[in-house]
Amino acid sequence: MSANGGDSAGGSAGLRKLRIEEIARPSLPELATLPRHPIVVVADHVRSAHNVGALLRTSDAARVAHVYLTGITPTPAHRAVTKASLGAEDSVPWSHHTDIQPVLDRLHADGYALMALEQTTSPTYLADLNPGLGSVALIVGNEVEGVQQTVLDRCDLALELPQYGAKHSLNVSVAFGIALYGLLDRLEIMDV
């Protein structure tokens, strides 16, 4: 017997893996006409090209509005970014900025809640978020140092994911994926 109670040889659930051509996805021209979730991503000195590629790929899957790559964060000009993103650099709007502060200034002026994914003395958990929060700028930080204190000083809140094991953090792209889909669910904005 399998975990779902069916016969492990054939299963009673009638599950069949979809072929790529069976999965309905918009083309790039169609995607350009579709609304996007009111979430932008700000990568604060993320150093790993693999992590940047994963951020772009997950951002595409969630149809976020924009990805801001700041500081030393590699861009899709780096081969390892495009290898990990599997073409998401073409389907999610992104830009690179040497200095994160003007990006934060513009997002704040445009009404985005600045939300760092970081462990702080005043954490906010996904369940604590107000469903009516509106537009969100989710800021993720460097793999070793996290989000810079000067960036945290500008944030409205710090989103923290509970940790139950011996380690004190998750890989930035993994934590980002959990937080992003948690935001989509919590903020009830999956209807785009």
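Right above here is the structure, for reference.
In this report, the structure presented in the accompanying data block is examined.

Thresholds, definitions, all that
Residues numbered from 1 in each chain as written. Predicted model: local features only at pLDDT ≥ 70, side-chain atom pairs only at ≥ 80, totals over all residues. Heavy atoms only, no water. Pairing = 2+ DSSP bridges. Helix = DSSP H or I, 4+ residues; strand = E, 2+ residues; numbered from the N terminus. Contact = heavy atoms within 4.5 Å. Axes fitted to C-alpha atoms, helices over the stretch in contact; angles between N-to-C directions. Parallel < 35°, antiparallel > 145°, perpendicular 65-115°, else oblique. Left-handed = near helix turned anticlockwise from the far one by under 90°. Nonpolar A, V, L, I, M, F, W, Y, C, P; charged D, E, K, R; others polar. Buried < 20%, exposed > 50% of the residue type's maximum accessible area, 1.4 Å probe, protein only. Polar contact = N/O pair within 3.5 Å; in protein donor to acceptor, adjacent residues only side chain to side chain.

## Side note on the sheet that holds strand β4 (residues 113–117)
Sheets are built from strands that pair by backbone hydrogen bonding, the pairs being arranged parallel or antiparallel.
Next, step 1: Spatially, β3-β2-β1-β6-β4-β7-β5 is the arrangement adopted by the seven strands of the open sheet, whose pairing is parallel. What marks the edges here is a single partner per strand, and that holds for β3 (94–97) and β5 (123–124).
Next, step 2: As judged from the four bridges shared by strand β2 (residues 64–70) and β3, these two strands associate in the parallel manner. Its bridge partner lying in β3, Val 67 is registered against Trp 94.
Next, step 3: Lying over the sheet, helix α2 (residues 49–61) contacts β1 (37–44), β2, β3 and β6 (136–141), oriented at roughly 165° with respect to β2.

## Focus on the packing of α2 against helix α6 (residues 172–186)
Next, step 1: The N-to-C vectors of α2 and α6 enclose an angle of 15°; their axes lie 9 Å apart at closest approach. With respect to α6, the element α2 is oriented roughly parallel. Here α2 and α6 pass one another in a crossing that is right-handed. Here Asn 51, Ala 54, Leu 55, Thr 58, Ser 59 and Ala 61 of α2 come into contact with α6, specifically with Val 172, Ser 173, Phe 176, Gly 177, Leu 180 and Tyr 181.
Next, step 2: Partitioning the contact of α2 with α6 into residue classes produces seven nonpolar, five polar and no charged.

## Re the pairing of β6
Side chains on a regular strand alternate between the two faces of the sheet.
Next, step 1: With respect to burial, β6 is a largely interior element, six of its six residues being buried.
Next, step 2: Going residue by residue along β6, you find Val 136, Leu 138 and Val 140 tucked away on one face and Ala 137, Ile 139 and Gly 141 tucked away on the opposite face as well.
Next, step 3: Bridge count for β1 against β6 is six bridges, and the pairing is parallel. Bridge assignment links Ala 43 to a residue of β6, and that residue is Val 140.
Next, step 4: Across four bridges, β4 lies against β6 in parallel orientation. Looking across to β6, one finds that Ala 113 is bridged to Val 136.

## Concerning the environment of His 66
Next, step 1: For His 66, the location among the structural elements is in strand β2.
Next, step 2: Each C-alpha atom, one on His 66 and one on Ala 137, is 9.4 Å from the other, the two residues being 71 residues apart in sequence.
Next, step 3: Discounting chain neighbours no more than four positions away, the residues touching His 66 are Ile 39, Val 40, Val 41, Pro 93, Trp 94 and Ser 95.
Next, step 4: Here the side chain of His 66 touches Ser 95 through a polar contact of 2.8 Å, side chain to side chain.

## What to know about unusual backbone geometry
Next, step 1: The residue Arg 63 is not glycine, and still its phi comes out positive at about 50°.
Next, step 2: Mapped onto the fold, Arg 63 is located in the loop between α2 and β2.
Next, step 3: In this structure, Leu 86 takes a positive phi of about 55° despite not being glycine.
Next, step 4: In this structure, Leu 86 sits in the loop between α3 (79–85) and β3.

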